[in-house]
Amino acid sequence: MSSVLWTPAPAAFQSSNLARFSTANGFDPRDYETLHRWSIGEPGAFWRAVWDYAEVVGDPGAISFLRDDNAPMTGSRFLPEATLNLAENLLRGDEERLALIEADESGHFRTVTLGELRRLVARTADGLRAAGIGKGDCVGGILPNRVVGLVALLATLSIGAIWSSCSPDFGAAAIVDRLGQIGVKVLFAAPRYRYAGKEHDISGRLAEIVAAMPTVTTLVLTGEPGFGQTARRIAFRSTISAATLRSASSAHPSTIRPMCSTPPARQARRRRSSIAPAACCSSI
């Protein structure tokens, strides 16, 4: 009995990224073993070839591979001098291309084109600048898995700021543990969300969270389909609504900042809503 579970059709194989990458670098696309030996024998040449093939927008730097005994797991660093902006790379392409599909347990369904996503990100980035956010500042999110969360993340990264987020079903202490330690200045939050057939209101918890994070100067309250646009504001140092984050100008990304990854006090339960890319992205 054959151990091969599936084989792509010849046309699909020839058009695959692996086959095209192999051919572009002088390898027989069906000779995977040779390609693999090259990737581990000349890692610098291999990773620079990956950067070029993926057409990454940015500067790869002069070094493509560096041995580093202090690097966890790999003992190496890849493209250590590279600079790029994640938002700029993810938002490029045909304006009419379907970029996102959003759906949830209530039957809500929404599609977003790449052009629409770019405009949402540009407006939000402009609002962040108006709130005093610049390169190196921290922006946080207490949001369900929806388009607004992705827009906030991309807008943050597009201006060189740092993003961190957590689920709205975290307790106040867990949220403060995660976001408080990085000095969040602007906080995006959903006062209400729907999960497992129930509507949850965390407005009171948000007041407690904001009070415990003195670095927060601006709170952006977001709405959800079915809740309307009447989410109440929490008065403190400075509050704006999502509706005020509007501008006709576009945001041009500069350089990337590392996305903050601080461990939560506990793991969030799996949300019964989803947002998925309409097409896969190439990344390194």
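Data block above holds the structure.
Notes on the structure in this doc start here. (Residues numbered from 1 in each chain as written. Predicted model: local features only at pLDDT ≥ 70, side-chain atom pairs only at ≥ 80, totals over all residues. Heavy atoms only, no water.)

## Some thoughts on the overall build of the protein
And step 1. Each helix and strand in the protein was counted, giving 9 helices and 14 strands.
And step 2. The burial tally for the protein puts 40% of its 284 residues in the buried class.
And step 3. For the protein, the accessible surface area stands at approximately 15,400 Å², while carbon and sulfur atoms represent 54% of it. (Helix = DSSP H or I, 4+ residues; strand = E, 2+ residues; numbered from the N terminus. Buried < 20%, exposed > 50% of the residue type's maximum accessible area, 1.4 Å probe, protein only. Areas by Shrake-Rupley, 256 points an atom, 1.4 Å probe, with all protein chains shown as cover.)

## A few points about helix α3 (residues 32-41)
And step 1. All buried positions along α3 are accounted for by L35, W38 and S39. Along the axis of α3, the buried positions cluster into a sector of 100°, meaning they face one direction only. Across α3 from its buried face, at more than 90 degrees, point the exposed residues R37, I40 and G41.
And step 2. In the core, the buried residues of α3 are packed alongside α2 (17-24) and α4 (43-54). (Arc of directions from axis to C-beta. Contact = heavy atoms within 4.5 Å.)

## Overview of unusual backbone geometry
And step 1. Positive phi is not limited to glycine here, since L79 has a value of about 50°.
And step 2. On the secondary structure map, L79 appears in the loop between β3 (76-78) and β4 (83-84).
And step 3. Taking relative accessible area as the criterion, L79 reaches 9% and is therefore assigned buried.
And step 4. The backbone of A196 shows a phi angle near 55°, a positive value even though the residue is not glycine.
And step 5. Looking at the element boundaries, A196 is found in the loop between β10 (192-195) and β11 (198-201).
And step 6. Under the relative-accessibility criterion, A196 is labelled partly exposed at 37%.

## Section: the packing of α3 against α4
And step 1. At a closest axis distance of 5 Å, the pairing of α3 and α4 adopts a crossing angle of 110°. Here α4 runs roughly perpendicular to α3, going by the angle between their axes. Contacts between α3 and α4 pair W38, S39, I40 and G41 from the former with P43, A45, F46 and A49 from the latter.
And step 2. Tallied by class, residues from the contact of α3 with α4 come to 6 nonpolar, 2 polar and no charged. (Axes fitted to C-alpha atoms, helices over the stretch in contact; angles between N-to-C directions. Parallel < 35°, antiparallel > 145°, perpendicular 65-115°, else oblique. Nonpolar A, V, L, I, M, F, W, Y, C, P; charged D, E, K, R; others polar.)

## Remarks on the packing of helix α6 (residues 114-130) against helix α7 (residues 147-158)
And step 1. Closest axis-to-axis distance for the α6/α7 pair is 8 Å, and the angle between their directions is 60°. Considering the angle they form, α6 stands oblique to α7. The way α6 lies across α7 gives a crossing that is right-handed. Contacts between α6 and α7 involve L117, L120, V121, T124, A125 and L128 from the former and V147, V151, L154, A155, T156 and S158 from the latter.
And step 2. A per-class count over the contact of α6 with α7 returns 9 nonpolar, 3 polar and no charged. (Left-handed = near helix turned anticlockwise from the far one by under 90°.)

None of the figures reported here should be taken as evidence of function without further support.
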